[in-house]
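Remarks on the overall topology
Residue strings, one per chain:
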Amino acid sequence: MPALDVVQIPVLSDNYVYLVREPQSGAVGVVDPAVADAPLAEAKRRGWKITHILNTHHHGDHVGGNLAIKEATGCTIVGPGHDRDRIPGIDIEVNDGDSFEFGAARAEVMFVPGHTRGHIAYFFPDSQVLFVGDTLFALGCGRLFEGTPQQMWSSLSRIRNLPDGTRVYCAHEYTQSNARFALHVDGGNAALKARSAQIDALRARNQPTVPSTIGEEKATNPFLRADDPALQAAVGMAGRDPADVFGEVRKRKDNFR
Ligand code: ZN
Ligand code: FE
């Protein structure tokens, strides 16, 4: 099984749209098209034919390009069944535990509510590639617009169980400001300090900090560490329910300047 090709396209102020290609079949998916023009142009430049759109959730900066790309290419739109009424042009509804053929590759669907009530992630186990939308960010996580801390903690805990080498493709370049907050709550974490320095160096050269890996996130992302005694102690909540610790850290981030 040849590995998937992933192309990262920065659009709007801080979104990433991805082209993912399965080389054996030539299947090409656009993940969370905030806009249509940039992914259409990039696919054309590469001589790739877009066959799918993969949506993680209904927000405009993830589905804004759906209808124009479908119109231009006749592609099939895959999205969360729980949110079918909010995904423009949806053709195939997928739910937790579903898997589907993406060319010669297999995609697995994880239901990860919290940021929105219908949010899903797409995991390609053979390539260890995860498209996670706005659920997990490099050193951060999505805001809880439609879910509870309990739901989001449970979603992040499932994501955390994927293999450490899994590459995490999130939908925004928020890493540098996430790092400032992570250092604020977890400043004694040596791995976090080292990663933060790498992030500053990348951004100084205007380079992306995404993807990261599950292993890096487990070591450094405070939102994946709500059950870690060191993080719990750092926020003054030793021994507390991890979902409550997560909720407190999320609240502090919401109010952090
Ligand atoms: Zn969103
Ligand atoms: Fe977003």
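Refer to the structure above for everything that follows.
Below is a short write-up of the structure. This structure is a prediction, so every number in the text was calculated from the model and none was measured.

A few words on the overall build of the chain. Helix and strand content of the chain: nine helices and 14 strands. For the chain, whose C-alpha radius of gyration is 18 Å, the value lies close to the compact-globule estimate of 18 Å for 257 residues. Considering only C-alpha atoms, the chain reaches an extent of 55 × 40 × 35 Å along its principal axes. Looking at the chain as a whole, 52% of its 257 residues qualify as buried. Here the analysis covers contacts within the chain between residues at least 6 apart in sequence; of these, 58% occur between residues at least 24 apart. For the chain, the computed accessible surface area is about 10,500 Å², with 48% contributed by carbon and sulfur atoms. Averaging the positions of the 27 positive and the 31 negative side-chain charges in the chain gives two centres separated by 5 Å.

Only Asp61 (OD), His62 (NE2), Asp134 (OD) and His172 (NE2) from the protein reach the iron ion (ligand 2) as donors, at distances of 2.1 to 2.4 Å. Between the four donor atoms coordinating the iron ion (ligand 2), the angles at the centre fall across 82 to 168 degrees, so the site counts as irregular. Between the two metals, the iron ion (ligand 2) and the zinc ion (ligand 1), the spacing is 3.2 Å, and Asp134 donates to both. Separated by 38 residues along the polypeptide, Asp134 in the loop between strand E10 (129–133) and strand E11 (136–137) and His172 in the loop between strand E13 (167–170) and helix H5 (175–185) bring together distant segments of the chain. Here the two residues Asp134 and His172 agree in accessibility, since each one is buried.

For the zinc ion (ligand 1), the protein coordination sphere consists of His57 (NE2), His59 (ND1), His115 (NE2) and Asp134 (OD), at 2.2 to 2.3 Å. Each of the four donor atoms around the zinc ion (ligand 1) contributes to a set of angles spanning 88 to 171 degrees, which defines the coordination as irregular. The class of His59 is buried, set by a relative accessible area of 17%.

Mapped onto the elements of the fold, Glu173 is located in the loop between E13 and H5. A relative accessible area of 13% places Glu173 in the buried class. Polar contacts involving the side chain of Glu173 include one to the side chain of Thr209, which spans 2.6 Å. Apart from residues lying up to four places away in sequence, Glu173 is in contact with Asp14, Tyr16, Arg203, Pro208, Thr209 and Val210.

Here we take up the sheet that holds strand E9 (residues 120–124). The sheet built from six strands is open, its strands ordered E7-E8-E9-E10-E13-E14 with mixed pairing. Looking along the sheet, the strands with just one partner apiece sit at the ends: strand E7 (99–102) and strand E14 (212–213). Two strands pair when backbone bridges link them, and E7 and strand E8 (residues 105–111) are joined in this way by four bridges, in the antiparallel orientation. In the strand pairing of E8, Phe100 is matched with Ala107.

Rules used throughout
- Residues numbered from 1 in each chain as written.
- Chains lettered and ligands numbered in written order.
- Predicted model: local features only at pLDDT ≥ 70, side-chain atom pairs only at ≥ 80, totals over all residues.
- Heavy atoms only, no water.
- Helix = DSSP H or I, 4+ residues; strand = E, 2+ residues; numbered from the N terminus.
- Rg over C-alpha atoms; globule rule 2.2 N^0.38 Å.
- Buried < 20%, exposed > 50% of the residue type's maximum accessible area, 1.4 Å probe, protein only.
- Contact = heavy atoms within 4.5 Å.
- Areas by Shrake-Rupley, 256 points an atom, 1.4 Å probe, with all protein chains shown as cover.
- Lys, Arg positive; Asp, Glu negative; His and termini not counted.
- Charge placed at Lys NZ, Arg CZ, Asp CG, Glu CD.
- Donors = N, O, S within 2.8 Å, 3.2 Å for Na, K, Ca; no water.
- Tetrahedral: all angles 85-135°; square planar, octahedral: opposite > 155°, others 65-115°.
- Polar contact = N/O pair within 3.5 Å; in protein donor to acceptor, adjacent residues only side chain to side chain.
- Pairing = 2+ DSSP bridges.

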